[in-house]
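Spelled out from the first residue to the last, the chains are:
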Amino acid sequence: MRYALTHAAVFDAVHAEELRRDCTVLTDGETIAAVQDAGQPIPEGFEALDLTGKTLVPGLVNLHAHLFGTGKPSKTLGGGGAQRALVGFIHTAAGRPVVDSMVRHHVLQSLNSGVTTIRSSGDFCYSDVRVRDAINAGKYPGPRLLVPGPAITCVGGHGDGTFAEVSDDPAALAAYVDVRKSNRVDYIKICVTGGVMDAKVRGEPGVVKMTPEQTKAVCGRAHALGFRVASHTESSAGIRVALEGGVDTVEHGSFLDDELVALFKARGSAFIVTISPALPLAKLPASITQLNELCLYNSGVVLDGMISGAKRALAEGLPVGLGTDESCPLVTPYAMWREVYFFVKYCGVSPGFALQTATLKNARIAGIGDVTGSIEPGKSADLVAVDGDPLDDLRTLETPRLVMARGNLLRNPQVRRNPQIDAWLDSLM
């Protein structure tokens, strides 16, 4: 279909602090054909949609999301027999269609919330690959998915026993990259450090797990095959191992010193902020999060390190991106707008800078900045219409009035919300 989206203000993401007023955006199939003043004539064959009083922004890009969970707090997430039973079921012939259905539902929720591109961050049994392929084949609508398959880590590393494949042998870890290539993944995800859920010591949530040799083996093989590498990394020591090993994006992050900044610059790597899980886990009581006191304390350590590291990265001009870490407790599939809001509140950037980060800068970090992330002729028709001016009030992103992904139009996007989770998170805004 060909559409003329008329009388809209436009945040094109090329310019971070201004809107272009009273515009018409023409979409021709999957791409943006033109951005013109509303007074110019609309070519024949375009269906006109009046967006008076609304702003068009590029579709949001979520750089870090696990697509299998709802975000509802559960003791199962903390490990134990219930978790082992659930993971065991997922790996059966009967369980795979169930997890695929869950992933499909969650990416549709994300799409309806205005997210048109998701870089998933580790799955069960290549579920995200199957859903990506079904969307790309036109079997059902969905966002653009960039998928790594299961994560790769060492024995006892983050994700061991859940969404990661493990070995302590560097050669075996490198061979996992070839397995993922045969499964047609888009990039590689590793876990250099532990995390909040698997930490054993108060104040040490990001214990280094993968050795420099293991990290270099995976990154070297991945780069030889043309893949980028993202690493779950929640400590300064882990960042050093990850960057020296060759990772392209540090996920979550921590405190940065001069040496780490220099490593980021030498490698050209990006720092990916995920405030959405750490904030509520650190600030809300255990009666809500369903996690133990150790996890709650360590969430605060991660939050402080991430925010400090992000501020330093921004001050040093390093690439900084945003993701939600969807599927963690209290992180729903429709939470990307909150991550943008938290970026402003806790990292001190302007709303325009945050929105530019969640669109064009995220797309560039993902390697698709020439495809999506901005409203420009020739780019993918990934568009979201919101009421009013998001540069004045980012909460307008919470309720999109129109979503378009690769030219496919959702005229009345609907999100199935969890009112209780929303109320808990609203208390932190």
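Note that this is a predicted model, so its numbers are computed, not measured.

On to the overall build of the protein. Within the protein, the secondary structure is distributed over 13 helices and 18 strands. Over its C-alpha trace the protein gives a radius of gyration of 21 Å, about what one expects of a compact globule, namely 22 Å for 429 residues. When the backbone C-alpha atoms are referred to their principal axes, the protein occupies close to 65 × 45 × 45 Å. Classification of the 429 residues of the protein by burial places 59% in the buried group.

Neighbouring strands of a sheet are bound in pairs by backbone hydrogen bonds; such pairs are parallel or else antiparallel. With respect to topology, three strands assemble into an open sheet ordered S6-S7-S8, the strand pairing being parallel. Unpaired on one side and paired on the other, strand S6 (60–65) and strand S8 (144–146) mark the two borders of the sheet. Averaged over all pairs of adjacent strands, the angle between their axes in this sheet comes to 20 degrees, without regard to strand direction. Bridge analysis of S6 against strand S7 (residues 115–120) gives four bridges, and the strand direction is parallel. Directly across from Ala65, in S7, lies its bridge partner Ser120. Helix-sheet contacts for helix H2 (residues 95–112) involve S7 and S8, and the interaxial angle to S7 is about 135 degrees.

Moving on, we get to the state of the cysteines. Working definition: the covalent bond between the sulfur atoms of two cysteines is a disulfide. Per the counting criterion, the structure on display carries zero disulfides. In this structure Cys295 is a free cysteine whose sulfur lies 11 Å from that of Cys328, the closest cysteine sulfur available. Cysteine Cys347 is unpaired, with the sulfur of Cys328 as its nearest cysteine sulfur at 17 Å. Assessed through its relative accessible area of 8%, Cys347 is described here as buried.

This part is about the nonpolar core. Ile188, Ile190, Leu256, Val273 and Ile275 are the most contacted members of the largest nonpolar core, which totals 98 residues. Broken down by element, the residue count for this core peaks at eight residues, all from helix H10 (residues 293–315). When near neighbours in sequence (up to four residues on either side) are disregarded, Leu256 contacts Ile239, Val261, Phe264, Phe271, Gly309, Arg312, Ala313 and Leu318. Among the nonpolar cores identified, the runner-up in size contains 18 residues, and Cys23, Ile32, Ile375 and Leu409 belong to it.

In a regular helix each residue adds 1.5 Å, so 18 residues correspond to 26 Å; H2 covers 26 Å between its end C-alpha atoms and thus fits that length. For H2, every residue scored as buried is listed here: Gly95, Val99, Asp100, Val103, His106, Val107, Gln109, Ser110, Leu111 and Asn112. Downstream of H2 by a residue or two, Gly114 has a phi angle that is positive, lying close to 105 degrees.

Calculation notes
Residues numbered from 1 in each chain as written. Predicted model: local features only at pLDDT ≥ 70, side-chain atom pairs only at ≥ 80, totals over all residues. Heavy atoms only, no water. Helix = DSSP H or I, 4+ residues; strand = E, 2+ residues; numbered from the N terminus. Rg over C-alpha atoms; globule rule 2.2 N^0.38 Å. Buried < 20%, exposed > 50% of the residue type's maximum accessible area, 1.4 Å probe, protein only. Pairing = 2+ DSSP bridges. Axes fitted to C-alpha atoms, helices over the stretch in contact; angles between N-to-C directions. Contact = heavy atoms within 4.5 Å. Disulfide = S-S within 2.5 Å. Core = buried A, V, L, I, M, F, W, Y, C linked by side-chain atoms within 4.5 Å. Expected span 1.5 Å × (residues − 1).

Any functional reading would require information beyond the geometric quantities listed.
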